[in-house]
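Inside the fold
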Amino acid sequence: MLASYACDPSQSRGRRHPEVPAPTRSAFQRDRDRIVHSTAFRRLVYKTQVFLNHEGDLFRTRLTHSLEVAQLGRSIARTLNLNEDLVEAIALAHDLGHTPFGHAGQDALNSCLKAHNPDSAGFEHNLQSLRVVDMLEERYPEFDGLNLSFETREGILKHCSRRNARRIEAMEPGGVARRFLASAGPATSAVATQPSLEAQLTNLADEIAYNAHDIDDGVRSGLLTLDQLEEVDLFDYYRREALAQHPGLPSRRLLFEAIRRMLSAQVYDVMEATRESVRDAAPRSVEAVRHCRPLVGFSADMAARSARLKKFLLQNLYRHPQVAETTQTAQQIVRDLFAAYMADPAQMPEAHTARFDRFEIESGTSPDRLPKPERVVADYIAGMTDRFASKEHERLHGRVVFPL
Ligand code: MG
């Protein structure tokens, strides 16, 4: 059933540490299963998507968001004869590197690293997701991390700064970071390639998922209103359509129905537009896909409508004064934790302080060297859930900032 341009697990570029194939599962099914059983995956339950975990039980968390991305991605993948297992694996792993408190936590951690050492590569959540699966999970006797297939790791590393890409490339020549070095000059032979269609698809499914569920969570929280959403043409079209078919539909059901119709329309649009691009580019293999322009996407019209929705959410939800207020508090927690552990590393559990003396080979640093203390601290903080970070802050600073 797989298209010739889909990722075929039997043709995988393999794992960093070679392993005997599983008797009944493909390489990508195995990747997905390893992700589901990881510690970092369970932590996603208590990590913020937009609303802090303690603000309400029904808001999306990183976990439910990741499940929605997997659902959307798989249903599109199946129609396009792409590899569903790979899409699912990438979707479930794509946010593993997120800090507590969502983007607020990430920005704070990035500034802490750069303030501590101006030469620092900072904090990037895509790279952190790769660090989690490549080295931070401790589950196997023979290697650090989950030892996932190249294709899953390629999908996880969605963006990467040139600087970090160079470091990964040094560790793993021609590997997942190569495509980010395309314009790095004649010193590398890299060309600007794209990741697999499965990776491109999961990336778009991520965007479709959060645009839709953030409307739902925004209204649920009271920060957005149905009336206000009338200015978003993509949403309003389906709100009107639902109302025309079900006059007098109560607002909660109207909201769900409009979101449901909007999601379906986006999914069908991606299927149609992608089919067309694939037909035009006619790639015969995954390698050919990597040398084409990006092939998974919306039609031009849907892309414009989706961009307007995104802009609306940015202006009215992500920058809402109430969200901004919790953002500042969350950033303070991360900054305080970073300062406290840097001043007294013994405040971290031994499993983390032990890394100070352990040479590590990992993506992101040169081989056989000690990790920088600030990186160990950043890895520890990045792994925390919202509530663990709050509790640690309370323990170290003696004041409650977020009542849990
Ligand atoms: Mg996401």
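What this report covers is the structure whose coordinates are included nearby. (Residues numbered from 1 in each chain as written. Predicted model: local features only at pLDDT ≥ 70, side-chain atom pairs only at ≥ 80, totals over all residues. Heavy atoms only, no water.)

**Overview of the overall build of the protein**
Put simply, the rule is: Secondary structure elements are defined from DSSP: runs of H or I of at least 4 residues count as helices, runs of E of at least 2 residues count as strands, and each element is numbered from the N terminus. The reference for a compact globule is 2.2 Å times residues^0.38; the radius of gyration itself is calculated from the C-alpha atoms. Throughout, exposure labels follow a simple rule: accessible area from a 1.4 Å probe, protein chains only, divided by the maximum for the residue type, with under 20% read as buried, over 50% as exposed, and the rest as partly exposed. Here the Shrake-Rupley method, with its probe set to 1.4 Å, supplies the accessible areas, and only the displayed protein chains count as covering residues. Positive: Lys, Arg. Negative: Asp, Glu. His and the chain ends are not part of the count. Note that the charge is assigned to NZ on lysines, CZ on arginines, CG on aspartates and CD on glutamates.
When its secondary structure is counted, the protein shows 17 helices and 0 strands. In terms of overall size, the protein behaves like a compact globule, its C-alpha atoms giving a radius of gyration of 22 Å where 404 residues would be expected to give roughly 22 Å. Projected onto its principal axes, the C-alpha coordinates of the protein cover approximately 65 × 55 × 45 Å. Scored against the burial criterion, the 404 residues of the protein give a buried share of 56%. For the protein, the exposed area adds up to about 18100 Å²; of that, 52% sits on carbon and sulfur atoms. When the 52 positive and 55 negative side-chain charges of the protein are each reduced to one mean point, those points stand 1 Å apart.

**Digging into helix 17 (residues 386-397)**
Filter applied, for reference: By definition here, a helix of n residues has an expected span of 1.5 Å times n minus one. By arc we mean the arc of the directions from the helix axis to the C-beta atoms, nothing more.
With 12 residues, helix 17 extends 16 Å from end C-alpha to end C-alpha; this agrees with the ideal 16 Å at 1.5 Å per step. Taken together, the buried positions of helix 17 are Asp386, Ala389, Ser390, Glu392 and His393. Buried residues of helix 17, viewed axially, fall in a sector of 165 degrees; they line one side. A positive backbone phi angle near 65 degrees is found at Gly398, which sits one or two residues after helix 17.

**A short note on the coordination of the magnesium ion**
Defined as follows: Counted as donors are N, O and S atoms no farther than 2.8 Å from the metal, or 3.2 Å for Na, K and Ca; water is not among the atoms, and sites may therefore look incomplete.
Summarising the metal site, the magnesium ion is bound by the protein donors His65 (NE2), His94 (NE2), Asp95 (OD) and Asp206 (OD), whose distances to it range over 2.1 to 2.7 Å. We note that the donor set of the magnesium ion lies within a single chain, spaced as H-x28-H-D-x110-D. Asp95 matches His94 in its accessibility class, with the two residues each being buried.

**A few points about helix 4 (residues 84-93)**
To keep things clear, this is the line we draw: Should any heavy atoms of two residues lie within 4.5 Å, those residues are considered in contact. Two N or O atoms form a polar contact when they lie within 3.5 Å of each other; inside protein one atom must be a possible hydrogen donor and the other a possible acceptor, and for residues adjacent in sequence the pair counts only when both atoms belong to side chains.
By the criterion of burial, helix 4 is predominantly enclosed, with 10 of the 10 residues buried. Here helix 4 has its buried residues at Glu84, Asp85, Leu86, Val87, Glu88, Ala89, Ile90, Ala91, Leu92 and Ala93. Looking at the packing, one finds that the buried side of helix 4 touches helix 1 (27-36), helix 2 (39-43), helix 3 (62-79), helix 6 (125-136), helix 7 (150-156) and helix 9 (197-221). Sitting at the head of helix 4, Asn83 places a side-chain oxygen 3.0 Å from the backbone nitrogen of Asp85.

**Brief notes about the side chain of Arg305**
If you trace the backbone, Arg305 turns up in helix 13 (residues 300-318). Setting aside residues no more than four positions away along its own chain, Arg305 makes contact with Asp233, Leu234 and Tyr238.

**Side note on the packing of aromatic side chains**
Note the cut-off: Aromatic contacts are taken between Phe, Tyr and Trp rings whose centres are within 6.5 Å, Trp giving its six-membered ring; a plane angle under 30 degrees counts as stacked, one over 60 as edge-to-face, and the others as tilted. Here, a charge over a ring means that NZ of Lys or CZ of Arg falls within 6 Å of the ring centre while also lying within 35 degrees of the ring normal.
In total, this model carries 3 aromatic pairs according to the counting rule given. Taken together, a centroid distance of 5.3 Å and an interplanar angle of 65 degrees make the contact between Tyr341 and Tyr380 edge-to-face. Placement of the pair is Tyr341 in helix 14 (residues 321-343) and Tyr380 in helix 16 (residues 373-383), with a sequence separation of 39 residues. Neither Tyr341 nor Tyr380 differs from the other in exposure class; each is buried. Looking at Arg13, its charged tip hangs above the ring of Phe150, at a distance of 3.9 Å from the centre. Against the face of Tyr46 rests Arg387, its NZ or CZ located 4.0 Å from the ring centre.

**Digging into the packing of helix 9 against helix 11 (residues 251-281)**
Note the cut-off: Axis lines are fitted through C-alpha atoms, for helices just across the contact stretch, and the angle between N-to-C directions can take any value from 0 to 180 degrees. Angle categories are assigned with fixed cut-offs, so that under 35 degrees is roughly parallel, over 145 is roughly antiparallel, 65 to 115 is roughly perpendicular, and the rest are oblique. Handedness of each helix crossing follows the sense of rotation of the near helix against the far helix: counterclockwise by less than a right angle gives left-handed, clockwise gives right-handed. Under the convention adopted here, Pro, Cys and the residues Ala, Val, Leu, Ile, Met, Phe, Trp and Tyr are nonpolar, Asp, Glu, Lys and Arg are charged, and Gly plus all remaining residues are polar.
Two elements in contact, helix 9 and helix 11, have axes whose closest approach is 11 Å; the angle formed by their N-to-C orientations is 165 degrees. What the angle tells us is that helix 9 and helix 11 run roughly antiparallel. Our pair here, helix 9 against helix 11, has a crossing hand that is right-handed. Counting all contacts with helix 9, which are made through Leu197, Leu204, Ile208, Ala212, Ile215, Asp216, Val219 and Arg220, the residues of helix 11 involved are Arg252, Leu255, Phe256, Ile259, Met262, Leu263, Gln266, Val270 and Val278. Its residues assigned to classes, the contact of helix 9 with helix 11 comprises 13 nonpolar, 1 polar and 3 charged.

**Comments concerning the nonpolar core**
Operational definition: The nonpolar core is taken to be a set of buried Ala, Val, Leu, Ile, Met, Phe, Trp, Tyr and Cys residues, with the residues joined through side-chain atoms within 4.5 Å.
Grouped together as the largest cluster of nonpolar side chains are 79 residues, with contacts concentrated most on Ile35, Leu96, Leu157, Ile215 and Phe235. With 10 residues, the top contributor of residues to this core is helix 11. Aside from chain neighbours lying at most four places away, what touches Leu96 is Ile35, Ala40, Phe41, Leu44, Ser129, Val132 and Val133.

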